[in-house]
Amino acid sequence: MPALNVEFSDRELEDLRQIAKERGTSMKALVREAAAADIARHRALQEGAEAFRRFFSSHADEFAAAFPEDEPSVKGEGRVA
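Worth saying up front: this structure is predicted, and the values here are computed from it rather than measured.

Tell me about the packing of helix α1 (residues 10-23) against helix α2 (residues 27-58), and name the residues and values.
Relative to each other, α1 and α2 sit at 95 degrees, their axes nearing to 9 Å. When the axis of α1 is compared with that of α2, the two are roughly perpendicular. On α2, the residues touching Leu13, Leu16, Arg17, Ile19, Ala20 and Arg23 of α1 are Met27, Leu30, Val31 and Glu33. The residue inventory of the contact of α1 with α2, partitioned by class, reads seven nonpolar, no polar and three charged.

Take a look at the structure:
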């Protein structure tokens, strides 16, 4: 399995040791769990953003009617893409 060397400050390393000890796990498992949780969170945010974009696109006319003040002006002074 590929590995990654990660550097921590002395304070961070001591904090990791303490947290791992409190949780009854290894530092390696603690750091891996934190990274895996962040990866899962990132993927969920990406999926949510994509779902929102699809929803917004499929209801663009309804949003334009409900929030006309947010629509770009006809004179080309609207939002920049």
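Having seen the structure, we can now continue with the description.
So what's going on with the packing of aromatic side chains? Residues and values would help.
Where two aromatic rings form a pair, the distance of their centres and the angle of their planes describe that pair. Counted by the stated rule, this structure contains four aromatic pairs. Every member of this aromatic cluster is reached through a ring pair, and the members are Phe52, Phe55, Phe56, Phe63 and Phe67.

Mind laying out the pattern of salt bridges, listing which residues take part and the relevant values?
Enumeration according to the criterion identifies four salt bridges in this entry. Salt-bridge contacts for Arg11 lead to Asp15; the nearest nitrogen and oxygen are separated by 3.3 Å. Taken together, the residues Arg11 and Asp15, both in helix α1 and four residues apart, mark about one turn of the helix. Its relative accessible area of 32% is what places Asp15 among the partly exposed residues.

Go over α1, please, and point to the residues and values.
Its 14 residues give α1 an end-to-end C-alpha distance of 20 Å, which sits within 8% of 20 Å, the value for a rise of 1.5 Å per residue. Following α1 by one or two positions, Gly24 has its phi on the positive side, about 70 degrees.

Go over a nonpolar patch on the surface, please, and point to the residues and values.
A contiguous nonpolar patch, built from Leu4, Val6 and Phe8 and spanning about 300 Å² of accessible area, is present on the exposed surface. With respect to the helices and strands, the residue Leu4 is situated in the segment before α1.

Reading guide: rules and limits
Residues numbered from 1 in each chain as written. Predicted model: local features only at pLDDT ≥ 70, side-chain atom pairs only at ≥ 80, totals over all residues. Heavy atoms only, no water. Axes fitted to C-alpha atoms, helices over the stretch in contact; angles between N-to-C directions. Helix = DSSP H or I, 4+ residues; strand = E, 2+ residues; numbered from the N terminus. Parallel < 35°, antiparallel > 145°, perpendicular 65-115°, else oblique. Contact = heavy atoms within 4.5 Å. Nonpolar A, V, L, I, M, F, W, Y, C, P; charged D, E, K, R; others polar. Phe/Tyr/Trp six-rings, centres within 6.5 Å; stacked < 30°, edge-to-face > 60°. Salt bridge = Lys/Arg side-chain N within 4 Å of Asp/Glu carboxyl O. Buried < 20%, exposed > 50% of the residue type's maximum accessible area, 1.4 Å probe, protein only. Expected span 1.5 Å × (residues − 1). Patch = residues over 30% accessible without salt bridge, like charges linked within 9 Å, V, L, I, M, F, W, Y side chains within 5 Å. Areas by Shrake-Rupley, 256 points an atom, 1.4 Å probe, with all protein chains shown as cover.

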